[in-house]
Amino acid sequence: NTDAQTYIINETLEDKNHLKVNFESFLPSLMSELHAKNIQSVIVEGGKRTLNAFISTNCWDEARVFTSNKQLGGGMTAPIFEKHSFKTIALDNDSLSFYLNI
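Residues numbered from 1 in each chain as written. Predicted model: local features only at pLDDT ≥ 70, side-chain atom pairs only at ≥ 80, totals over all residues. Heavy atoms only, no water.

Colleague: Report on unusual backbone geometry, specifying residues and quantitative values.
Modeller: Negative phi is the rule for most residues except glycine; trans is the rule for most peptide bonds. With a phi close to 65 degrees, asparagine 38 is a non-glycine residue in the positive phi region. Mapped onto the secondary structure, asparagine 38 falls in the loop between α1 (26-36) and α2 (48-56). Taking the relative accessible area as the measure of exposure, asparagine 38 reaches 60% and is therefore exposed. (Helix = DSSP H or I, 4+ residues; strand = E, 2+ residues; numbered from the N terminus. Buried < 20%, exposed > 50% of the residue type's maximum accessible area, 1.4 Å probe, protein only.)

So this is what it looks like as C-alpha cells:
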C-alpha cells in the first residue's frame, strides 16, 4: 500500500524510491541515509544474525525482549545485552525487558 514510503536499499542508485548505501559498512551507512531523510525510528524484527549485526555495530538505542515460561521447541537463543541498563515488567506469566544503549 502507499501508507508509508518504501525504499529499496542498494549500492548504485539514489532516487525517490532507492537509497544508496555502502555495503562494506552497511548498517552505519544505512542509518546515516535514513537520518538524512529525517527517518528517526526503525523497528527491526530479525533473526539472531540480523539483531547481532545491529548490536555489534552499535546501531541501536533500545531493545525490548519478551521472555516466556512456555517451551517453544527449537530455535535460536536471543542475543545477550551486557552492560546496558534495563527494566523488566511482568506480563501474566511472561516478562518484557527494556534495554537501553547508553
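Structure shown, so let's carry the discussion forward.
Colleague: How would you sum up the pattern of salt bridges? Please name residues and give values.
Modeller: On inspection of all chains with the given rule, the structure shows two salt bridges. In this structure, glutamate 62 and arginine 64 form a salt bridge, with 2.6 Å as the shortest nitrogen-oxygen distance. Using a relative accessible area of 39% as the deciding quantity, one classes glutamate 62 as partly exposed. (Salt bridge = Lys/Arg side-chain N within 4 Å of Asp/Glu carboxyl O.)

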